[in-house]
Amino acid sequence: AQKVTQAQTEISVVEKEDVTLDCVYETRDTTYYLFWYKQPPSGELVFLIRRNSFDEQNEISGRYSWNFQKSTSSFNFTITASQVVDSAVYFCALSETFSGGYNKLIFGAGTRLAVHP
Amino acid sequence: EAGVAQSPRYKIIEKRQSVAFWCNPISGHATLYWYQQILGQGPKLLIQFQNNGVVDDSQLPKDRFSAERLKGVDSTLKIQPAKLEDSAVYLCASSSKGQTPTDTQYFGPGTRLTVL
């Protein structure tokens, strides 16, 4: 069965520290997509990145970077020089294709990141 | 472009009462999703609509939950009767097509339901 595990329930850092959020997934599909979403205190999930299983290149966007390793079924997310505004719950998700070619997201339990001044 | 709208933002009810949530997706989006997010957990898909048809409701507790998407635009999710374990945030999301994983889902702010 498809599964996403985010082993870190909560992480607390001081501003300007680097922090890595771990994500491990299980899937039987040969083609799949992985996602990261941010959920600030307002509650709305904000899309951060999508990655397909054929592209193992790391990606960097400003202070955010993502490390996808198919060999270890991991898709980790690093925030460099963290800021207070990065405080949120971060979810990793895996796409699952079902009948009719439709897709749905399987979410991990989330990691709550607290960045202190 | 307006985002996904949901109302109400908060609702408190007694167990065995009924409640309904409303969602207005992003204009032109064919696919609409309802998720349940219990405190400390990730969102779990309850039901997925493609236009006004249901494509997945495998995790919807159909004895008490129902949803509809009339005219393929707005949607309502109803719980009748509510149980204590239904306390959660109910998130609505939409995407333009739904038949490809490259189709990004955009989420609304959610409705926080407390069942006493």
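Everything discussed here concerns the structure shown above.
About the thresholds
Residues numbered from 1 in each chain as written. Chains lettered and ligands numbered in written order. Predicted model: local features only at pLDDT ≥ 70, side-chain atom pairs only at ≥ 80, totals over all residues. Heavy atoms only, no water. 1 Å grid on protein atoms, 1.4 Å probe; cavity = no way out; pocket = protein on both sides within 12 Å on 5 of 7 lines; lining within 4 Å. Points joined across faces, edges and corners; volume = space filled by probe spheres on them. Helix = DSSP H or I, 4+ residues; strand = E, 2+ residues; numbered from the N terminus. Nonpolar A, V, L, I, M, F, W, Y, C, P; charged D, E, K, R; others polar. Disulfide = S-S within 2.5 Å. Buried < 20%, exposed > 50% of the residue type's maximum accessible area, 1.4 Å probe, protein only. Pairing = 2+ DSSP bridges. Contact = heavy atoms within 4.5 Å. Buried area = accessible area lost by both parts, 1.4 Å probe. Polar contact = N/O pair within 3.5 Å; in protein donor to acceptor, adjacent residues only side chain to side chain.

**Focus: the layout of surface pockets**
Residues and elements named next belong to chain B.
Phase 1 of the analysis: Approximately 650 Å³ is the volume attributed to the largest pocket.
Phase 2 of the analysis: When residues of the lining of the largest pocket are assigned to their parent elements, the largest contribution, 4 residues, is made by strand S11 (residues 111-115).
Phase 3 of the analysis: Its residues assigned to classes, the lining of the largest pocket shows 13 nonpolar, 16 polar and 4 charged.

**Quick look at the state of the cysteines**
Phase 1 of the analysis: Counting across every chain of the model gives 2 disulfides over all chains.
Phase 2 of the analysis: Here Cys23 of chain A is linked by a disulfide to Cys92 of chain A, with a sulfur-sulfur distance of 2.0 Å. One quick way to see it: the torsion about the S-S bond of Cys23 of chain A and Cys92 of chain A is about -65 degrees, and its sign makes the bridge left-handed. Placement of the pair is Cys23 of chain A in the loop between strand S3 (19-21) and strand S4 (24-26) and Cys92 of chain A in strand S10 (residues 88-98), with a sequence separation of 69 residues.
Phase 3 of the analysis: Residue class for Cys23 of chain A comes out buried when judged on its relative accessible area of 0%.
Phase 4 of the analysis: The residue that forms a disulfide with Cys23 of chain B is Cys92 of chain B, at a sulfur-sulfur distance of 1.9 Å. On the S-S bond that ties Cys23 of chain B to Cys92 of chain B, the torsion sits near -70 degrees, and the link is left-handed. One end of the pair, Cys23 of chain B, is in strand S3 (residues 19-24); the other, Cys92 of chain B, is in strand S9 (residues 88-95), and 69 residues separate them in sequence.

**Re the pairing of strand S4 (residues 31-37) of chain B**
All names here are of chain B.
Phase 1 of the analysis: Among the 7 residues that make up S4, 7 are buried, leaving the element largely enclosed by the rest of the structure.
Phase 2 of the analysis: Burial along S4 is two-sided: Thr31, Tyr33, Tyr35 and Gln37 and Leu32, Trp34 and Gln36, pointing in opposite directions, are all buried.
Phase 3 of the analysis: Where S4 and strand S5 (residues 44-50) come together, 6 bridges link them in antiparallel fashion. Across the sheet, residue Gln36 finds its bridge partner in S5, namely Lys44.
Phase 4 of the analysis: In sequence, S4 turns back onto S5 through a hairpin of 6 residues, with Gly40 there showing a positive phi of about 85 degrees.

**Comments concerning the interface of chain B and chain A**
Phase 1 of the analysis: In this assembly, 25 residues from chain B lie in contact with 22 residues from chain A.
Phase 2 of the analysis: Across the chain B to chain A interface the summed buried area is about 1900 Å²; carbon plus sulfur atoms make up 53%.
Phase 3 of the analysis: Of all residues in chain B, the largest losses of buried area upon contact with chain A belong to Gln99, Pro101 and Phe107 of chain B, amounting jointly to 28% of the total for that side.
Phase 4 of the analysis: At the junction of chain B with chain A, the criterion picks out 5 residue pairs in polar contact (both at pLDDT 80 or more).
Phase 5 of the analysis: Mapped onto the side of chain B that touches chain A, the elements with two or more residues apiece are S4, S5 and strand S6 (53-56) of chain B.
Phase 6 of the analysis: Class assignment of the residues belonging to the side of chain B that touches chain A gives a composition of 9 nonpolar, 14 polar and 2 charged.

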